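# Secondary and tertiary structure notes
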Amino acid sequence: MALRDELLKSIWHAFTALDVDKSGKVSKSQLKVLSHNLCTVLGIPHDPVALEEHFKDDDEGPVSNQGYMPYLNKFILDKAKDNFDRQEFNKMCWTLCSRKNLDQKQLFISSDDAFKIWCIFNFLSEDRYPLSIVTEEIEYFLRKWTEAMGGSWVEERFEDLKLQLNSKQQCLNVWELITLVGSGHFSKGMDQQTLSMGINEVYQELILDVLKQGYMMKKGHKRKNWTERWFVLKPGFISYYVGEDLAEKKGDIPLDGSCTVESLQDKEGKKCLFLIKSSQKSFEISASDKKKKQEWIQAIQTCVNLLRQGRPAPHCEARQKRRDLRLKQQAEQEELELRMRELQTANEAKQLELENMRKALEEAAAKAAEEEKKRLLTHTELQDRYRVELEREKMVRQEMEEQVAQKSCELEQYLQRVQELEDMYHKLEEALEDERRARQDEETVRKLQARLLEEEAEKRAELEQIHLHQQRAISQTEAEKQELEKERLAKENALKAAMKQLEELEQERQGALEQYQTVMKKLEDATNNTRTWKHKVAEQEGMLRLIQPGSKAPQKITNWGPAAFSEAELSLREKQWQEMKNQAAQAQ
């Protein structure tokens, strides 16, 4: 529903309430107060002199609804934006019209419940004035109200109501609808609290766009604790409160086309978990049971799909479909009535033509009688002429009889067509009745299908859990197998590397052994030479030594006496020998 049409319905109630004498006009002072209140609740700057300037050319008398509409459109509705409190706006219009029209003493419902029915009436009423609600929308509202109270729908009661409406105008105004609900005719055996709860549930769905609500547990983002919250699902977001009285709001979960909802496994002692991923953050929710969990997941997924497709709320879309169907049926009914009127006009034309033919026959008969008289007067003279006239008359009579027979045949065909059209009309009525019954059967089958789908969804969820466990076990086994294969290959590679290093060490050991043997041989030759020289020196009665600067380090003593080099020189020689050995190994 467009914002302008929605506002106009409530304003129409307020304007009608100010029209005390039902003349269709309201004084300017009352319109000033009404305009000021409208600007206040809509958040529009109010110009107190705009009304006077707009009607400065009029007299001092009251202003009609048609005269007030240009001012209302220009100075209020054109400036209104969808950022005001709708409930406060409806309350203001309700206060103006309820004082005059509502008789609270004859009702079994409270004033607040009557206000909610008034809002529902504005939502379901037709877009023509004076506002009224048709029979189909009355049945839709009463059915939803009965389901919300947990009662059973009694078709006979509504059929009686339809008979009463058909005898009147086939529709109700808002005060007649409030009286119908408040009289208890469709809520026998229900207490006032149950009536109020049922009205409130329908009001929240149709007016506040509440798709689903209920208690669930929510995991915190900072302290990671679980807290019970009252969740309310609307087309664009999910709000959660401390309690169902909606007194303290804790936050919102924004929804858009990119949001996803998925089921989670039980953890941290919580069951029936699911995850909502929004564009800002993720929320872990725990439902009371599997059925509630599946219902919430389906409701949120439906809401996200509607946002992706840019479609309105389900109840708004269903109301538009019902209106389109009514317009289509109305057009078909008008077309059928037009055809019936055309056939009636054609029938009247045929009857007029037959009447003219009858008059013509009577005139011809009169002329024949006159001719007969003349023939009797002049029998002998007019015998031949009479014979000619008689033959001509017979021919004319024969032609007239043929025409009459033809017209009678055409009349019978026409009457047969009229009978066929009447049969078609009766069949159409029967088809409409069968369609209504088929809709009822379809609703019953739909409920049964919904229940079967819920059971199927539960079974599917269990099978998905079993499948997930199997997949995890298979994945874990495959991972362990891959790790063992990697370890085996690593060990084989390490073993090959170790064997290669062992072969290299063996080659180095052989080279070192050969070098050691060579050195030992050189050392043995040097030892033999040293012994030979020592023996020769000893034979010369003394040992000659060259005096040279000695090392400050302690002198190395060998088995043959003081060594010819120190410890540092020995270390240097060993280092040089080791480098030579490494170079030989690298060259090999």
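Use the structure listed above.
Residues numbered from 1 in each chain as written. Predicted model: local features only at pLDDT ≥ 70, side-chain atom pairs only at ≥ 80, totals over all residues. Heavy atoms only, no water.

## Observations regarding the overall build of the chain
When you go through the chain residue by residue, the secondary structure sums to 14 helices and 13 strands. Computed over C-alpha atoms, the radius of gyration of the chain comes to 55 Å, more than 25% over the 25 Å expected from 2.2 N^0.38 for 588 residues, which places it beyond the range of a compact globule. Overall size of the chain, expressed as C-alpha extent along the three principal axes, is 220 × 80 × 55 Å. A buried classification covers 28% of the 588 residues belonging to the chain. Partitioning the intrachain contacts of the chain with sequence separation of at least 6 by distance along the chain shows that 61% fall at a separation of at least 24. (Helix = DSSP H or I, 4+ residues; strand = E, 2+ residues; numbered from the N terminus. Rg over C-alpha atoms; globule rule 2.2 N^0.38 Å. Buried < 20%, exposed > 50% of the residue type's maximum accessible area, 1.4 Å probe, protein only. Contact = heavy atoms within 4.5 Å.)

## Here's the deal with the sheet that holds strand 9 (residues 260-263)
Pairing is antiparallel across the open sheet formed by seven strands, whose spatial order is 8-7-6-5-11-10-9. Looking at strand neighbours, the two that pair on one side only are strand 8 (249-254) and strand 9, the edges of this open sheet. When strand polarity is set aside, the average angle formed by the axes of neighbouring strands in this sheet is 35 degrees. Alignment of strand 7 (residues 237-241) against strand 8, held across five bridges, turns out to be antiparallel. In the sheet register, S239 faces strand 8, and the bridge partner there is D252. (Pairing = 2+ DSSP bridges. Axes fitted to C-alpha atoms, helices over the stretch in contact; angles between N-to-C directions.)

## Things to note about the packing of aromatic side chains
Going through the model one piece at a time under the given rule, you end up with 12 aromatic pairs. Each ring, one from F115 and one from W118, has its centre 6.2 Å from the other, and the planes form 25 degrees; the classification is stacked. Of this pair, F115 and W118 both sit in helix 6 (residues 111-124), three residues apart, which is roughly one turn of that helix. You can call F115 buried: its relative accessible area is 1%. Owing to a relative accessible area of 0%, W118 belongs among the buried residues under this scheme. Ring-pair connections join several aromatic residues into one group, and the members of that group are W94, F115, W118, W175 and Y203. One cation-aromatic arrangement involves R322 over Y140; the distance from NZ or CZ to the ring centre is 3.8 Å. (Phe/Tyr/Trp six-rings, centres within 6.5 Å; stacked < 30°, edge-to-face > 60°. Lys NZ or Arg CZ within 6 Å of the ring centre and 35° of its normal.)

## Topic: the nonpolar core
Grouped together as the largest cluster of nonpolar side chains are 67 residues, with contacts concentrated most on W118, L142 and I178. With nine residues, the top contributor of residues to this core is helix 6. Not counting the four nearest positions on each side in its chain, L142 is found in contact with W153, F158, L161, L180, V181 and F186. Counting residues in hydrophobic clusters, the runner-up holds 21 residues, among them I253, L255, I285 and A299. (Core = buried A, V, L, I, M, F, W, Y, C linked by side-chain atoms within 4.5 Å.)

## So, the pairing of strand 6 (residues 226-234)
In this sheet, strand 6 lies alongside strand 5 (residues 212-219) in antiparallel orientation, the contact comprising eight bridges. What sits directly across from K219, in strand 6, is W226. Hairpin connection from strand 5 to strand 6: six residues lie between these consecutive antiparallel strands, with K224 at a positive phi of about 60 degrees. Here strand 6 pairs with strand 7 via five bridges, running antiparallel. Residue V232 lies in a different strand from strand 7, and its bridge partner there is S239. Linkage of strand 6 to strand 7, two consecutive antiparallel strands, is achieved through a turn of two residues.

## Details of the environment of K581
As for its placement among the helices and strands, K581 is situated in helix 14 (residues 567-587). K581 sits in the buried class, given a relative accessible area of 19%. Separated by 168 residues in the primary sequence, K581 and Q413 have C-alpha atoms spaced 132 Å apart. Excluding anything up to four places from it in sequence, K581 contacts A512 and Q515.

## What to know about the pattern of salt bridges
Under the defined criterion, the tally for this structure stands at 37 salt bridges. The partner of E126 in a salt bridge is R326, with the nearest N and O atoms 2.6 Å apart. One end of the pair, E126, is in the loop between helix 6 and strand 3 (133-134); the other, R326, is in helix 12 (residues 314-377), with 200 residues separating them in the sequence. In terms of burial, E126 and R326 fall into one category: buried. We note a salt bridge from E456 to R460, for which the minimum N-O separation is 2.7 Å. Pair noted here: E456 and R460 are both in helix 13 (residues 379-539), with a separation of four residues, about one helical turn. Where salt bridges share partners, they join E139, R143, E155, E159, E433, R436 and R437 into one cluster. (Salt bridge = Lys/Arg side-chain N within 4 Å of Asp/Glu carboxyl O.)

## A closer look at helix 5 (residues 86-101)
Across its 16 residues, helix 5 extends 22 Å between first and last C-alpha, which sits within 8% of the 22 Å expected from 1.5 Å per residue. The largest bend along helix 5 reaches roughly 30 degrees and is located at T95. Buried within helix 5 are the following residues: F89, N90, M92, C93, W94, C97 and S98. Next to the buried residues of helix 5 lie helix 1 (3-18), helix 2 (28-42), helix 6 and helix 9 (174-182). Capping the start of helix 5 is the job of one residue whose side-chain oxygen sits 3.1 Å from the backbone nitrogen of Q87: D85. (Expected span 1.5 Å × (residues − 1). Bend = angle between axes of the 7 residues up to and from the residue. Polar contact = N/O pair within 3.5 Å; in protein donor to acceptor, adjacent residues only side chain to side chain.)

## Re empty space enclosed by the protein
Inspection of the entire model under this criterion finds two cavities of 30 Å³ or more. Space inside the largest cavity adds up to approximately 60 Å³. Residue lining of the largest cavity: K350, E353, L354, K407, E410, L411 and Y414, and that is the complete set. If you list the elements that add at least two residues to the lining of the largest cavity, you get helix 12 and helix 13. A per-class count over the lining of the largest cavity returns three nonpolar, no polar and four charged. Computed from the structure, the second largest cavity encloses a volume of approximately 40 Å³. In this structure, the second largest cavity is lined by K291, Q294, E295, Q298, E454 and E458. Considering each element in turn, the lining of the second largest cavity owes the most residues, four residues, to helix 11 (residues 290-309). Across the lining of the second largest cavity, the residue classes tally to no nonpolar, two polar and four charged. (1 Å grid on protein atoms, 1.4 Å probe; cavity = no way out; pocket = protein on both sides within 12 Å on 5 of 7 lines; lining within 4 Å. Points joined across faces, edges and corners; volume = space filled by probe spheres on them. Nonpolar A, V, L, I, M, F, W, Y, C, P; charged D, E, K, R; others polar.)

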